[in-house]
Amino acid sequence: MKTLYVKTFFIWSTSSKKLVKNERVTVEYAADLPSLRYGSAFPKLARGKATDVTSIDDERIHPFNLNNLIHAKDSLFQIIQKRGENISGITAPWVYAGMLFASFCWHVEDMYMYSINYMHKGAAKTWYCIPESHKEAFDDAIKEKHCELFIERPDLLYNIILTMNPLELLKKNIPVYRTEQQPREFIITFPKVYHAGFSHGYNISEAVNIAIPDWIPFGKLALSDYASEGFLKKGSFPFEWIIIENIKRLSEFNFSPQAKKEIAQVYIEIMQKEIKDRKAVQECYSKVAIKQFGDVTTRYDAHICSTCNNYTFLSFLSCGRCKRTGCIQHISVCDCLNVIVSMNVRFSEKNLEDFSHSVQKFLGTL
Ligand SMILES: [Zn+2]
Ligand SMILES: [Zn+2]
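Since we're looking at a predicted model, the values are computed, not measured.

Topic: the overall build of the protein chain
Here is step 1: Each helix and strand in the protein chain was counted, giving eight helices and 14 strands.
Here is step 2: Here the contacts in the protein chain between residues at least 6 apart in sequence split such that 71% fall between residues at least 24 apart.

Next up, the structure:
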């Protein structure tokens with residue numbers, strides 16, 4: 001439960017029957033409740049079985065039931081087949097129970113994904129949003145307003161705890177759009193779009209992220225932004241994982257030819273970068289032991305970099321002395337003298353190149 005203290009609001013006094021100024025009221029917001037733990041407000045099929053479904057209008061299988069969105073055509077999350085692979089809040093919805101003035105602070109989605117929010121029941125919710133074109137202007141404005149806080153906590157924006165009056169943003173020529181979400185309405189936020197808002201009374205909503213092929217450039221951009229800020233924020237999942245798993249099943253899923261092309265092109269970029277980074281490591285050290293790690297069952301989050309805290313999906317370096325591990329692009333993982341370096345790879349360079357050739361061939365047939 002999130003608690004927000006709001007000062008100097010006017011509230012309705014039942015005794016005097018008029019608006020009175022209240023010094024302090026408490027607003028509570030049950031936010032980010034994982035549906036996998038507390039349940040979804042959408043109906044779900046018992047153990048995933050569809051034997052008793054007689055109509056396409058059955059809400060349990062409806063494509064806009066947020067639990068089913070990962071199976072949508074062109075969703076990059078179609079690769080998630082089992083409950084255990086779901087990423088809470090990203091591929092499996094979170095539920096929100098709000099009250100009057102329950103607010104969500106300015107934020108963009110993790111890895112600049114799309115989000116979709118459905119209000120099941122209750123009072124309206126006001127949403128404010130800022131176009132993607134003004135994301136950097138907003139970053140500058142909020143950092144200027146809260147400059148002292150940012151010195152202490154440079155990762156503040158990622159904690160979704162900062163408010164700023166939309167009027168102040170408009171004065172700085174930052175466009176702010178607003179809308180009111182009513183029950184049974186969806187709000188979709190686009191990549192890199194800041195949004196914030198508040199509830200007008202009690203309500204229940206549910207939200208999840210969406211990743212489709214046109215998100216791919218934004219995913220890449222988010223990761224480079226996180227890196228340029230000194231890894232203040234960690235990606236919610238390895239970008240390479242989602243692309244490679246989709247590449248493996250490209251013929252299985254019903255993607256459009258354009259979508260297949262975008263996935264295949266980014267795969268080739270990932271492969272080329274990986275091979276280049278591996279070569280750079282080998283040139284840096286006189287001896288690097290190359291070891292294969294994992295198999296098809298090894299999860300995407302099995303290893304984490306001790307420098308940037310990100311998942312190391314394709315490969316990682318490890319020090320034989322201090323056992324620290326890290327991404328290969330950092331080149332060095334520790335300060336040990338006479339370091340003994342191992343480069344641990346999920347796929348051999350030959351596997352990567354063979355795969356790259358077959359993808360290029362596939363691109364030629366589109
Ligand atoms: Zn790293
Ligand atoms: Zn070491």
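Past the structure itself, the notes keep going.
Some thoughts on the nonpolar core
Here is step 1: Membership of the largest hydrophobic core comes to 45 residues, with the highest contact counts inside it found for Y194, A211, I243, I263 and Y267.
Here is step 2: If one sorts the elements of this core by residue count, helix α7 (residues 257-284) sits on top with seven residues.
Here is step 3: Beyond its immediate sequence surroundings of up to four residues, A211 is in contact with S75, L76, F77, M113 and I242.
Here is step 4: Core analysis: the next-biggest nonpolar cluster, separate from the first, contains nine residues, A92, W94, V95 and V208 among them.

Considering the pairing of strand β3 (residues 94-98)
Here is step 1: Burial analysis of β3 places four of its five residues in the buried class, which makes it a mostly covered element.
Here is step 2: As defined by bridge partners, β3 adjoins strand β10 (residues 203-210) across five bridges and the pair is classed as antiparallel. When the sheet's bridge partners are listed, Y96 is paired in β10 with S205.

Topic: the environment of P154
Here is step 1: Along the chain, P154 turns up in the loop between α3 (147-152) and α4 (166-171).
Here is step 2: According to the C-beta neighbour criterion, P154 is partly exposed, with 13 such atoms within 10 Å.
Here is step 3: Along the primary structure P154 and G230 are separated by 76 residues, whereas in three dimensions their C-alpha atoms are 9.9 Å apart.

What about the packing of α7 against helix α8 (residues 349-365)?
Packed helices, taken two at a time, are described by the angle between their axes plus the distance between the axes.
Here is step 1: It is the contact of α7 with α8, at a shortest axis distance of 10 Å, that shows an interaxial angle of 155°. In this view, α7 runs roughly antiparallel relative to α8, as classed from their interaxial angle. Taken as a pair, α7 and α8 cross one another with a handedness that is left-handed. Of the residues in α8, those touching α7 at K261, A264, Y267, I268, M271, E274, I275 and R278 are E349, L352, S356, V359, Q360, F362 and L363.
Here is step 2: Across the contact of α7 with α8, the residue classes break down as nine nonpolar, two polar and four charged.

Here we look at the packing of helix α6 (residues 239-248) against α7
Here is step 1: It is at 10 Å that the axes of α6 and α7 come closest, and there the two elements cross at 125°. Between α6 and α7, the angle falls in the class oblique. α7 is crossed by α6, and the crossing has left-handed handedness. When α6 is examined against α7, the residues E240, I243, I244, N246 and I247 are found in contact with a partner set consisting of I263, A264, V266, Y267 and I270.
Here is step 2: Grouping the amino acids of the contact of α6 with α7 by side-chain chemistry returns eight nonpolar, one polar and one charged.

Observations concerning unusual backbone geometry
Here is step 1: Positioned with a positive phi, F101 is a non-glycine residue whose angle comes to about 70°.
Here is step 2: Along the chain, F101 falls in the loop between β3 and β4 (103-107).
Here is step 3: Its 17 C-beta neighbours within 10 Å are what place F101 among the partly exposed residues.
Here is step 4: Here K323, not a glycine, exhibits a phi torsion of approximately 70°, which is positive.
Here is step 5: With respect to the helices and strands, the residue K323 is situated in the loop between β12 (315-319) and β13 (325-326).

A look at the sheet that holds strand β14 (residues 341-345)
Here is step 1: Read across the sheet, four strands follow the order β11-β14-β12-β13 without closing on themselves; strand pairing throughout is mixed. If you trace the sheet from one side to the other, it starts and ends with β11 (288-292) and β13, each paired once.
Here is step 2: Sheet topology places β11 next to β14; five bridges connect them, and they run parallel. From the neighbouring strand, A289 faces β14, where its bridge partner is S342.
Here is step 3: Sitting on the sheet, α7 is in contact with β11, β12 and β14, with an inclination near 20° to β12.

Structural notes on the sheet that holds strand β6 (residues 125-130)
Here is step 1: Across the sheet, which stays open at both edges, the four strands sit in the order β4-β9-β6-β7 with antiparallel pairing between neighbours. Both outer strands of the open sheet, β4 and β7 (177-181), are each paired with one neighbouring strand and no more. Averaged over all neighbouring strand pairs, the angle between strand axes comes to 15°, with direction disregarded.
Here is step 2: Where β6 lies against β7, five bridges are found, and the strand directions are antiparallel.

With respect to the confidence of the model for the protein chain
Here is step 1: Predicted confidence across the protein chain gives a mean pLDDT of 87, with 90% of residues reaching 70 or more.
Here is step 2: The least confident element of the protein chain, judged by mean pLDDT, is strand β1 (residues 2-13) at 55; the most confident is strand β8 (residues 186-189) at 98.

The rules behind the values
- Residues numbered from 1 in each chain as written.
- Chains lettered and ligands numbered in written order.
- Predicted model: local features only at pLDDT ≥ 70, side-chain atom pairs only at ≥ 80, totals over all residues.
- Helix = DSSP H or I, 4+ residues; strand = E, 2+ residues; numbered from the N terminus.
- Contact = placed C-beta atoms within 7 Å.
- Core = buried A, V, L, I, M, F, W, Y, C linked by C-beta atoms within 7 Å.
- Buried ≥ 20, exposed ≤ 12 C-beta atoms within 10 Å, placed from the backbone.
- Pairing = 2+ DSSP bridges.
- Axes fitted to C-alpha atoms, helices over the stretch in contact; angles between N-to-C directions.
- Parallel < 35°, antiparallel > 145°, perpendicular 65-115°, else oblique.
- Left-handed = near helix turned anticlockwise from the far one by under 90°.
- Nonpolar A, V, L, I, M, F, W, Y, C, P; charged D, E, K, R; others polar.
- pLDDT = per-residue confidence, 0-100.

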